[in-house]
Amino acid sequence: MKKTIAVIFGGRSVEHDVSIITAHMPIIQSLLAAEQFEVWPIYIAKDGSWYSDQAMNDLVYFTRDGFQARLAREKKVRILFDGGLKIIWPGIRSKTVHIDVAFPAMHGTFGEDGSLMGLLRMANVSFVGCDLFASAVAMDKVLTKQILAAEGIPVVPYVWFTKNDWETDRSIWTKKIAQLHWPIFVKPVHLGSSIAITKVKQNSELGNAVEVAFHYDDKALVEESIENLIEVTLPIMGNEVLQLAAIERPLNKTGFFDFDDKYLSGNKKGGGANSQYSEIPASIDRGLAKQVEDLGKRTYRALGCSGIARVDFLIDSTTNHVYVIEVNTLPGGLYNHNWKKVGVSGVELVTKLIALAEERFASQQKTTHFFGSDILKRVNGQKNNQSR
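Described below are features of the structure shown in this document. These numbers come from a predicted model, not from an experiment. (Residues numbered from 1 in each chain as written. Predicted model: local features only at pLDDT ≥ 70, side-chain atom pairs only at ≥ 80, totals over all residues. Heavy atoms only, no water.)

Bringing the packing of aromatic side chains into the picture now. If you walk through the whole model with that rule in mind, you get twelve aromatic pairs. For the ring pair Trp50 and Phe81, a centre distance of 6.4 Å and an interplane angle of 80 degrees mean the geometry is edge-to-face. On the criterion of sequence distance, the pair formed by Trp50 in strand S3 (residues 50-51) and Phe81 in strand S4 (residues 78-81) is long-range, its members being 31 residues apart. Consider the rings of Phe161 and Trp173, whose centres lie 5.5 Å apart with planes at 35 degrees: the pair is tilted. You can see Phe161 sitting in strand S9 (residues 158-162) and its partner Trp173 sitting in helix H8 (residues 170-178), a full twelve residues away along the chain. Here Phe161 and Trp173 have matching classes, each one buried. (Phe/Tyr/Trp six-rings, centres within 6.5 Å; stacked < 30°, edge-to-face > 60°. Helix = DSSP H or I, 4+ residues; strand = E, 2+ residues; numbered from the N terminus. Buried < 20%, exposed > 50% of the residue type's maximum accessible area, 1.4 Å probe, protein only.)

Written as C-alpha cells, this is what we have:
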C-alpha cells in the first residue's frame, strides 16, 4: 500500500510564492515520480485559509491566469490534529484522508520558524526536516549566532536590537553600530530568501536600512561585511549519521547574494533555487573545504538539526578565516540541483528524507511524555477540607 504524504506549502509569509515553488520543484514532482506515495497537497493561502485538491499537485494550477478565481471556488478543508494528521472535506459528501508523513515546504513565518512543526508534533505525526527546536532557533539569526559563538564556532561581529530599542534611543545603537567595521549589512532577524537585506556603506544610509528591516520584523541584525569575500554554502542531510552535498559557491553579480540571484536570474528551470548562479563544487583549496565541512557538521549538530538543512559561510580570502553566517532549515528547492551533483536524484532525495522523518519519529516514540502523580486528588482533598 502506498504511503500518504501531505506536502504543506504557502502560508502567511513574505516567502509564500517561493514556498509554492519549493513544494512542487522538486518535492511533489519527485514524490509522484517515485510511484510509491499518494500525494496530497495542502495549500495555505495568504489569508491563512487551508485548501487541498490533488489538482494542486501541478504547479500550473498556481501559475496560470485565473488562479484566485479558481481558489475562491475551492472548498476549504479542515485539518484534524488528533492522534495523527487528517484532512477533512466537510459537507454532505464528506471525505477524510489520513496522512502517514507530512512534508513541510513552508518558508519563513508560521512554517519554517517552527510553528508548523509544533502543530505536527502535537498531532503525533512524522514529518520531514528539522524539528521544532532547531527550526525556531535557526529562524532567529541572532539566537543562531549566540549558540554558535558559545560552541566556539566563528561568526561575524554584529549588533542586534528590537524595534522598541531603536525607537526609544537610537543614539545608543548607532554608537554601537559605528564600532563595527564598515560596510555593514542590516537584516530582519527572522526572514529568509535575502528579503529586506541592505548593504550600508555610509552612515546616511543606516536609518533607511533599519526602517526597511523593521517593516518586516521587530528585531534587526547589523553585522560586518566581509569585503574580500568568498561565499559558500553546504547542504547537509541526516539525523545521527550525516551526508554532505557539495560545497557550492554563488556567482552573483550584485554586491551580495540577494533574492534575485537566488530565484530570478538565469534559467527558470531546475527546481526552486536558481541553479544557474553557482559553481559546484566550489573552487576553493582543500584546506578551506575541510574547514567548511567540519564547521558545517558542528553547526548542524549544535543547533540540533535533523532531516535536512543548509549551512551558509563567509570566507575572507585574504586571511582565510571562515565564518558561519546562518542556517537554513528549509533550503529553497531542497537544493536539489546540488544533491544531483553528488549523485542523489530528486526521487532519492525525497525518499531519503521521508525515511529520516520516520526514523526520528520512531525514536521519539520511545520518550515518555507524561508523569504519574496524585496531585489532582490532593488538590481536591484540600478543597474539601477547606469547605468544612
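To continue, consider the pattern of salt bridges. When their charged atoms lie close together, side chains carrying opposite charge are able to pair. Overall, the coordinates contain eleven salt bridges when judged by the stated rule. Residue Lys46 is joined to Asp17 by a salt bridge in which the shortest nitrogen-to-oxygen separation is 3.9 Å. Within this pair, whereas Lys46 is found in the loop between strand S2 (37-44) and S3, its partner Asp17 is found in helix H1 (residues 16-34), the two being separated by 29 residues in sequence. Of the residues examined, Asp17 reaches a relative accessible area of 47% and is grouped as partly exposed. Across the salt bridge formed by Arg310 and Asp312, the nearest N and O atoms sit 2.8 Å from each other. For Arg310, a relative accessible area of 4% gives the class buried. According to the relative accessible area criterion, Asp312 is buried, its value standing at 9%. Beyond isolated ion pairs, a larger network of salt bridges with shared partners links Lys145, Lys187 and Glu223. (Salt bridge = Lys/Arg side-chain N within 4 Å of Asp/Glu carboxyl O.)

What follows covers the packing of helix H5 (residues 132-139) against helix H6 (residues 141-150). Geometrically, a packed helix pair is captured by the angle between its two axes and the distance between the axes. Axis separation between H5 and H6 bottoms out at 5 Å; the angle between their running directions is 105 degrees. Viewed along their axes, H5 and H6 adopt a mutual orientation that is roughly perpendicular. Residues Val137, Ala138 and Met139 of H5 touch H6, and the partners they reach there are Lys141, Leu143, Thr144 and Ile147. Counted by class, the contact of H5 with H6 contains five nonpolar, one polar and one charged residues. (Axes fitted to C-alpha atoms, helices over the stretch in contact; angles between N-to-C directions. Parallel < 35°, antiparallel > 145°, perpendicular 65-115°, else oblique. Contact = heavy atoms within 4.5 Å. Nonpolar A, V, L, I, M, F, W, Y, C, P; charged D, E, K, R; others polar.)

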